[in-house]
Amino acid sequence: MTDDDTSWYYDISTKQVVQGKQTNALDRMGPYPDKATAEQALKIAAARNKAADSDDDWNN
């Protein structure tokens, strides 16, 4: 990535969507291709966690 990052991120500390790496890496989810997708960051993470929890290959 470049310094002029135009990707979108979800800031878990402020619960806001931001463009570029404005926040601390530990508080940042992403990158996402657009603002609408970044707004769904928590739902995306929950769906991925649910899929991973039911992955038999991982749980054995």
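On a predicted model such as this, the values are computed, not experimentally measured, just so you know.

*Asks:* Explain the nonpolar core to me, and be specific about the residues and the numbers.
*Replies:* Membership of the largest hydrophobic core is limited to six residues, which are Trp 8, Tyr 10, Met 29, Tyr 32, Ala 38 and Ala 41. Counting only elements with at least two residues in this core, the list comes to strand E1 (8–11) and strand E3 (28–32). Aside from chain neighbours lying at most four places away, what touches Ala 41 is Tyr 10, Met 29 and Tyr 32.

*Asks:* Lay out the packing of aromatic side chains with the relevant residues and their values.
*Replies:* In total, this model carries zero aromatic pairs according to the counting rule given. Over the face of the ring belonging to Tyr 9 we find Arg 28, whose NZ or CZ atom lies 5.3 Å from the ring centre.

*Asks:* Quick rundown of unusual backbone geometry? Include the residues and the values.
*Replies:* The omega torsion of the bond from Gly 30 to Pro 31 falls at 15 degrees, within 30 degrees of zero and hence cis. Along the chain, Pro 31 falls in strand E3. Even without a glycine there, the phi angle at Lys 15 is positive, about 60 degrees. Tracing the backbone through its elements, the reader meets Lys 15 in the loop between E1 and strand E2 (16–19).

Calculation rules
Residues numbered from 1 in each chain as written. Predicted model: local features only at pLDDT ≥ 70, side-chain atom pairs only at ≥ 80, totals over all residues. Heavy atoms only, no water. Core = buried A, V, L, I, M, F, W, Y, C linked by side-chain atoms within 4.5 Å. Buried < 20%, exposed > 50% of the residue type's maximum accessible area, 1.4 Å probe, protein only. Helix = DSSP H or I, 4+ residues; strand = E, 2+ residues; numbered from the N terminus. Contact = heavy atoms within 4.5 Å. Phe/Tyr/Trp six-rings, centres within 6.5 Å; stacked < 30°, edge-to-face > 60°. Lys NZ or Arg CZ within 6 Å of the ring centre and 35° of its normal.

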